[in-house]
Amino acid sequence: MNALRRLIDPYLLMLIGTVVLAALVPARGAEAEVAEGAAKAAIALLFFLYGARLSPGAIWAGLSHWRLQGMVLACTFLMFPLLGLAVFWGAGPWLAEDLRVGLLYLCLLPSTVQSSIAFTAIARGNVPAALCAASVSNLAGVVITPLLVMLLLPVGGVGVSLSSIESIALQILAPFVAGQAARPLIGAWLMRHGRLTSMVDRGSILLVVYSAFSAGVVSGAWTRLSHLDLGLVVVLDGLILAVALGFTTLASRRLGFSREDEIAIVFCGSKKSMASGLPMAAILFVGQSVSLIVIPMLFHQIQLFVCAVLARRYARSADAPVR
């Protein structure tokens, strides 16, 4: 049984099971609102728990680690856009323009928040730095992503919404601040019960995956293109992720980052946020085929599957005895 568990990651099976559940029993109507609300509540709870667990000194250390923060921002808003341009022009002969625009748009998005932090925690990486890097990436992305879209893609109607900044603050920063305020009361208890935070880490990702896949199934977005086009999008998504993971790993090692910092850079610098990308797309691509443009966001599910395995591998290497 232990050998089987080493070969098959149980959490990966849960992710696959969640996708199958969304395909067979997608949340519709009021159920979809409940699923989305549950995902948001789980994310808020996750940040509350991290706020309660992390000391102010650890938070300041994460923010002041300017090399790591700069590395993540450079990967997110420089390396990825260059990679997206290469894919956009390289896939021209084989892929429809809307899908190529979607692939480039994917590369202009900020990093994920909840999964970056969750996988960094599972892999025993620098969680405070990951928390800061993912949060800063999302806040900066509200402005940088529309600017990059205006610069690199011929679309109109681009605007920066203050409500998006407010929603990020309410969902991420407010629970974190509340957790910091509650830290003197519950911080020590949470440190003794680390499994609770781990369950919220993983549970929030499963809820986000179910909600996102349900929305795609209900809207019919996954059925509006040929199997060949869908397969090519999946292959290109996988190629983009492989290059991003390889670049962040190699660059962090060449630049002399510690193992913990490397993990934070890999998981924050190689991800793209569906939660930010979907609402932004509705604003930025007015009058265009948004349903096709957002299909390359299958990258989000691919990155969850791959990073779940990678995070467990990092964790096992940390637990391995030194010979």
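No experiment lies behind these values; they were computed from the predicted model shown.

(A) The overall build of the protein, seen in detail. Counting its secondary structure elements, the protein contains 15 helices and 0 strands. Relative to its 323 residues, the protein shows a buried fraction of 49%. Restricting the contact set of the protein to residue pairs at least 6 apart, pairs at least 24 apart contribute 87%. Accessible area of the protein: about 14900 Å², with a carbon and sulfur share of 70%.

(B) Quick peek at the packing of aromatic side chains. One pass over the structure, following the stated rule, counts 4 aromatic pairs. Ring geometry for Phe119 against Phe267: centres 6.0 Å apart, planes inclined by 35°, an arrangement best described as tilted. Highlighted residues: Phe119 in helix H7 (residues 114-122) and Phe267 in helix H12 (residues 259-269), separated in sequence by 148 residues. In this structure, Phe119 and Phe267 share a single accessibility class: buried. An angle of 70° between the planes, with centres 6.0 Å apart, marks the rings of Phe267 and Tyr314 as edge-to-face. Taken together, the residues Phe267 in helix H12 and Tyr314 in helix H15 (residues 298-319) connect sequence positions 47 residues apart. The pair Phe267 / Tyr314 is uniform in exposure class, with both members buried.

(C) View of the packing of helix H6 (residues 97-107) against helix H11 (residues 227-254). Two elements in contact, H6 and H11, have axes separated by 11 Å at closest approach and are oriented at 25°. Considering their axes alone, H6 and H11 lie roughly parallel with respect to each other. By crossing handedness, the relation of H6 to H11 is classed as right-handed. Across from Leu99, Leu103, Leu106 and Cys107 in H6, the residues of H11 making contact are Asp229, Val233, Leu236, Asp237 and Ile240. When its residues are assigned to classes, the contact of H6 with H11 shows 7 nonpolar, no polar and 2 charged.

(D) Looking closely at the nonpolar core. Residues Leu68, Tyr105, Phe119, Ile240, Phe267 and Phe285 are the most contacted members of the largest nonpolar core, which totals 70 residues. Here this core takes 10 residues from helix H5 (residues 66-90), the largest share from any one element. The residues contacting Leu68, other than those within four sequence positions of it, are Ala129, Ala133, Phe257, Asp261, Ala264 and Ile265. In this structure, Ala39, Phe47, Val113 and Ile117 belong to the second largest nonpolar core, which totals 17 residues.

Conventions and cut-offs
- Residues numbered from 1 in each chain as written.
- Predicted model: local features only at pLDDT ≥ 70, side-chain atom pairs only at ≥ 80, totals over all residues.
- Heavy atoms only, no water.
- Helix = DSSP H or I, 4+ residues; strand = E, 2+ residues; numbered from the N terminus.
- Buried < 20%, exposed > 50% of the residue type's maximum accessible area, 1.4 Å probe, protein only.
- Contact = heavy atoms within 4.5 Å.
- Areas by Shrake-Rupley, 256 points an atom, 1.4 Å probe, with all protein chains shown as cover.
- Phe/Tyr/Trp six-rings, centres within 6.5 Å; stacked < 30°, edge-to-face > 60°.
- Axes fitted to C-alpha atoms, helices over the stretch in contact; angles between N-to-C directions.
- Parallel < 35°, antiparallel > 145°, perpendicular 65-115°, else oblique.
- Left-handed = near helix turned anticlockwise from the far one by under 90°.
- Nonpolar A, V, L, I, M, F, W, Y, C, P; charged D, E, K, R; others polar.
- Core = buried A, V, L, I, M, F, W, Y, C linked by side-chain atoms within 4.5 Å.

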